[in-house]
Each structure stands twice: as structure tokens, then as C-alpha cells.
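Chain by chain, the residues run as shown.
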Amino acid sequence: MFYYVLKYVLLGPLLRLLFRPRIEGLEHIPADGAAIIAGNHLSFSDHFLMPAILKRRITFLAKAEYFTGPGLKGRLTAFFFRGAGQIPVDRSGKEAGRAAIREGLGVLAKDELLGIYPEGTRSHDGRLYKGKVGVAVMAIRAQVPVVPCAMVGTFEIQPPGQVVPRVKRVTIRFGEPMEFARYAGLENEKAAVRAVTDEIMYAILGLSGQEYVDRYAAEVKAEQAKAEPARKFPRPRR
């Protein structure tokens, strides 16, 4: 219930008014039945802009940290994300990927739309990074179409670290549904899921026009974070 209050009364109309999103390819979203919407992830705003323009409800897999904050603020944030159709997924440990897949398959089993960001995290520099294979495992196992999606301009309105987004027009672009029936039964084959994932990422790249980096975003972020103290505090010369 709260999802539809947010979408049609509280948040949706405000987002459409402020950002006046251009919508391209909306006809590619199935009118019914299960499907995966796989997109790039440039901004915190992505979580809310896409649901605001879709006719159908969409459920996203979101990092568990959004649901576990302390105090009143943490509880309100968790309530808001759950109401907005987000499912918490713990991204740490060996079971993280399996948990995300279980949750996603549960959504698809109910003939609903599942939203996922194959990069696994927001892009810190506006580039498109290598996709994780969970999206392929779910698409093959559930035998559902994957609709590629590109958010264009959301990095500029709310880059990492910016709390209040800039008011600027954005574009949300959907591509044609992708079917992977030819891979049926191969969701445990590394080569198959890698091929499917790369095909999905290539479709997203074609829609977004981003620069592509053939590495995982989390790895690049970790390397840069490790190097940052060295730049701030260089070792003294001997």
C-alpha cells in the first residue's frame, strides 16, 4: 500500500515534476508476467526515478545497510526503503550472492518485475563497470526476459557524496527484451553465465553511451580508497 502512496501521491509526482524524465522504450516493459530490468547505477536517485515512471510495480535488491541504520533515522530509512519496494541483501561473505539470487527468484516466481544493477554498486566516476553474474543465473533459471535499462544524467544530478540532487532533466532508456532460452539448464556453468552477463552489459552500454571498464567497480573503488591516504600523506624522503 505504501508503495503506491509513494508512487502516485508523495514521491512520484514530485520526481516527475522536478526532473521531467524523458522516457524512451517504455513499450519494451512487459505488460504482465515476470521480467528482470537490468540497469546501470549512477546515483542514489536511480532507486526512485525508475519506479516513478513505470506503470508496474518493480522490486529492487538493495544493500542491507539501508535497512540496518541505528536510531530513529535508521528505522525511518528502513521503513521508507521497504515501502518503496526494496529488498535488503547482505553483500558480505560467501553467501551474499546466493542470498541475492534466492530473493530475486522469489520476486520472479510471483510474476513481478525485478530491478537489479549488475555492477553491484554505484559507479563512482560515471563509467560502466563489469557486471556480476547473478543477473544471468536468475534469468536462465527463471527463464524470464531481461530488459536493459540506461539511466542518463543521474550521475550529474547526484554524484557520490551529494545529498540533495541538482534539479536537471534526466533520461531513462529501455532496450528490447533479451531472451536466453538457449542457455536453459546452464545457470551453473561459468562460461554460460559470464556470456549472458556480458551480453546484458553490452546492451546497457549501447543505451547509455558510457565508457566501459572491464573490471568490477567494487575492486576499483577499494584500490582507490587504499591509495588515497598515500596521496594525502606521502612517505618522507630518506
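Provided above is the structure to which this section pertains.
Residue numbers run consecutively from 1 along every chain, following the written order of its sequence. This being a predicted model, a pLDDT of at least 70 is required before a residue's local features are given, and a value of 80 or more before pairs of side-chain atoms are given or counted; all residues contribute to the totals for chains, interfaces and linings. As a rule here, side-chain values come from all non-hydrogen atoms in the structure, and water together with hydrogens is ignored.

So, about helix 8 (residues 190–208). Counting from the N terminus, the helices are DSSP H or I runs at least four residues long and the strands are E runs at least two residues long. Here a helix's expected span is defined as the number of its residues, less one, multiplied by 1.5 Å. Helix length check: helix 8 (19 residues) gives 27 Å between terminal C-alpha atoms against 27 Å at 1.5 Å per residue, within 8%. Only protein chains enter the accessibility calculation, which uses a 1.4 Å probe; a residue is then buried when its area is under 20% of its type maximum, exposed when over 50%, and partly exposed in between. Listed in full, the buried residues belonging to helix 8 are Ala192, Val193, Arg194, Val196, Thr197, Ile200, Met201, Ile204, Leu207 and Ser208. Any two residues whose heavy atoms approach within 4.5 Å are treated as being in contact. Turning to helix 8, the residues buried within the fold contact strand 2 (35–39), strand 6 (128–129), helix 6 (134–142), strand 7 (146–152) and strand 8 (171–174). The positive-phi residue at the C-terminal boundary of helix 8 is Gly209, with phi of around 75°.

Attention shifts here to the nonpolar core. By nonpolar core is meant a set of buried Ala, Val, Leu, Ile, Met, Phe, Trp, Tyr and Cys residues that side-chain atoms within 4.5 Å join together. Counting 31 residues, the largest nonpolar core has Ile36, Ala38, Leu61, Leu108, Met138, Phe180 and Ile200 as the members making the most contacts within it. Elements with a minimum of two residues in this core: strand 2, strand 4 (86–89), helix 5 (96–109), strand 5 (113–116), helix 6 and helix 8. Discounting chain neighbours no more than four positions away, the residues touching Leu108 are Ala34, Ala35, Ile36, Leu114, Met138, Ala142 and Val144. Among the nonpolar cores identified, the runner-up in size contains 27 residues, and Tyr3, Phe19, Ile53 and Phe174 belong to it.

A separate point is the sheet that holds strand 2. The mixed open sheet is built from 7 strands, whose spatial order is 1-8-7-2-5-3-4. Edge strands, defined here as strands with exactly one partner in the open sheet, are strand 1 (22–24) and strand 4. Taking each pair of neighbouring strands and ignoring which way they run, the sheet shows an average axis angle of 25°. Fitting a line to C-alpha atoms yields each axis, with helices limited to the stretch in contact; the angle taken between N-to-C directions then spans 0 to 180 degrees. Set on the sheet, helix 6 makes contact with strand 2, strand 3 (58–63), strand 5 and strand 7; between it and strand 2 the angle comes to about 160°. Should DSSP find at least two bridges between two strands, the strands are taken to pair.

Here is the rule: rings of Phe, Tyr and Trp (six-membered ring for Trp) pair when centre to centre is within 6.5 Å. Planes less than 30 degrees apart are stacked, more than 60 are edge-to-face, and the remainder are tilted. For the structure on display, the rule yields 3 aromatic pairs. The interplanar angle of 65° and the centroid separation of 5.6 Å between the aromatic rings of Phe44 and Phe48 together place this pair among those described as edge-to-face. For Phe44, a relative accessible area of 25% translates into the label partly exposed. For Phe48, a relative accessible area of 12% gives the class buried. Arranged with centres 5.4 Å apart and planes meeting at 20°, the rings of Phe60 and Tyr117 form a pair that is stacked. Taken together, the residues Phe60 in strand 3 and Tyr117 in the loop between strand 5 and strand 6 connect sequence positions 57 residues apart. Take Tyr117: its relative accessible area is 9%, and that puts it in the buried class.

The next subject is the pairing of strand 2. Counted residue by residue, strand 2 has 5 buried out of 5 residues, so it is predominantly covered. Alternating residues of strand 2 divide into Ala35, Ile37 and Gly39 and Ile36 and Ala38, and every residue in both groups is buried. Judged from the 4 bridges that link them, strand 2 and strand 5 form a sheet pairing that is parallel. Looking across to strand 5, one finds that Ile37 is bridged to Gly115. Pairing analysis gives 4 bridges linking strand 2 to strand 7, with the strands arranged parallel. Looking at strand 7, one finds that Gly39 is bridged to Cys149.

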